[in-house]
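Descriptive structure summary
Below, each chain spelled out in residue letters.
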Amino acid sequence: MRKIIHLITTIELGGAEKQLLVLAGQQVRNGHDVTVMYLKGKPELKKDFESIGVRVLSQPAHTNFIVSYFRFFRFLRENADSICHAHLPQSELMAALAKGGKHKLVVTRHNAEQFWPRRNRLVSKLLSRIVAARANRVIAISRAVADFLYDSGEISTYTTVEVVHYGSAPDRNSETQPFFPE
């Protein structure tokens, strides 16, 4: 059994959030201890997560980035044997900064857009590359998202981005890779 902590910006009804619900449910069915933490918004999917056996925590929610960071950092340290899986840029950045030496960090890129949309492209690229460098595994939800990351410079050509399509079961004999670092 693995302890998995998913950090996501919000658990309001949206594409990445609904996909996390599917993924977390499968992880629970596979016998893992799964926690979802969110940073802001209304917890619209909280009951859905809890109904499938996922613990939902709001410690880092509804405060500024620094307070959220320290609350998440403390939780991560208290769960040193866990895998952290971050979804969406704000959560990815927080997880990358909070990552300790023992932690495994997986980030999933759900969109073909700048890490920090509508802001300075250089800053966006820098933040994206910092996150990718700290991650043990970078996943894109489609080949188009992976291509965007490379073509835009959001990810270094030295970083391996693995494509795991929504709705695909990991298969070690195909291009689709497992969700967890080895």
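First things first, this report covers the structure right here in the doc. From a predicted model like this one, the values you see are computed outputs, not experimental measurements. (Residues numbered from 1 in each chain as written. Predicted model: local features only at pLDDT ≥ 70, side-chain atom pairs only at ≥ 80, totals over all residues. Heavy atoms only, no water.)

Here's the deal with the packing of aromatic side chains
Counting across every chain of the model gives two aromatic pairs. Seen in terms of ring centroids, Y69 and F70 are 5.0 Å apart; in terms of plane orientation they differ by 75 degrees. Their pairing is edge-to-face. Accessibility expressed as a relative area gives 15% for Y69, which makes it buried. Classification of F70 as partly exposed rests on a relative accessible area of 49%. Pairwise contacts between aromatic rings join Y69, F70 and F73 into one cluster. (Phe/Tyr/Trp six-rings, centres within 6.5 Å; stacked < 30°, edge-to-face > 60°. Buried < 20%, exposed > 50% of the residue type's maximum accessible area, 1.4 Å probe, protein only.)

Thoughts on the sheet that holds strand β6 (residues 137-140)
Read from one edge of the open sheet, seven strands run β3-β2-β1-β4-β5-β6-β7, paired in parallel fashion. Lying at the two open borders of the sheet, with one neighbouring strand each, are β3 (55-57) and β7 (161-163). Taken over all neighbouring pairs, the strand axes of this sheet differ in orientation by 25 degrees on average, direction set aside. As paired strands, strand β2 (residues 33-40) and β3 are joined by three bridges and run parallel to one another. Its bridge partner being in β3, T35 is matched across the sheet by R55. (Pairing = 2+ DSSP bridges. Helix = DSSP H or I, 4+ residues; strand = E, 2+ residues; numbered from the N terminus. Axes fitted to C-alpha atoms, helices over the stretch in contact; angles between N-to-C directions.)

Thoughts on the nonpolar core
Core analysis: the largest hydrophobic core is formed by 31 residues, its most contacted members being L7, M37, F72, A95, L105, V107 and V161. For this core, the element with the most residues is helix α4 (residues 89-98), which contributes five residues. Every residue in contact with M37, bar those within four places of it in the chain, is listed here: I5, H6, L7, I8, L57, Q59, P60, F72 and F75. One finds I11, A16, V36 and V54 within the second-largest nonpolar core, a separate group that totals 14 residues. (Core = buried A, V, L, I, M, F, W, Y, C linked by side-chain atoms within 4.5 Å. Contact = heavy atoms within 4.5 Å.)

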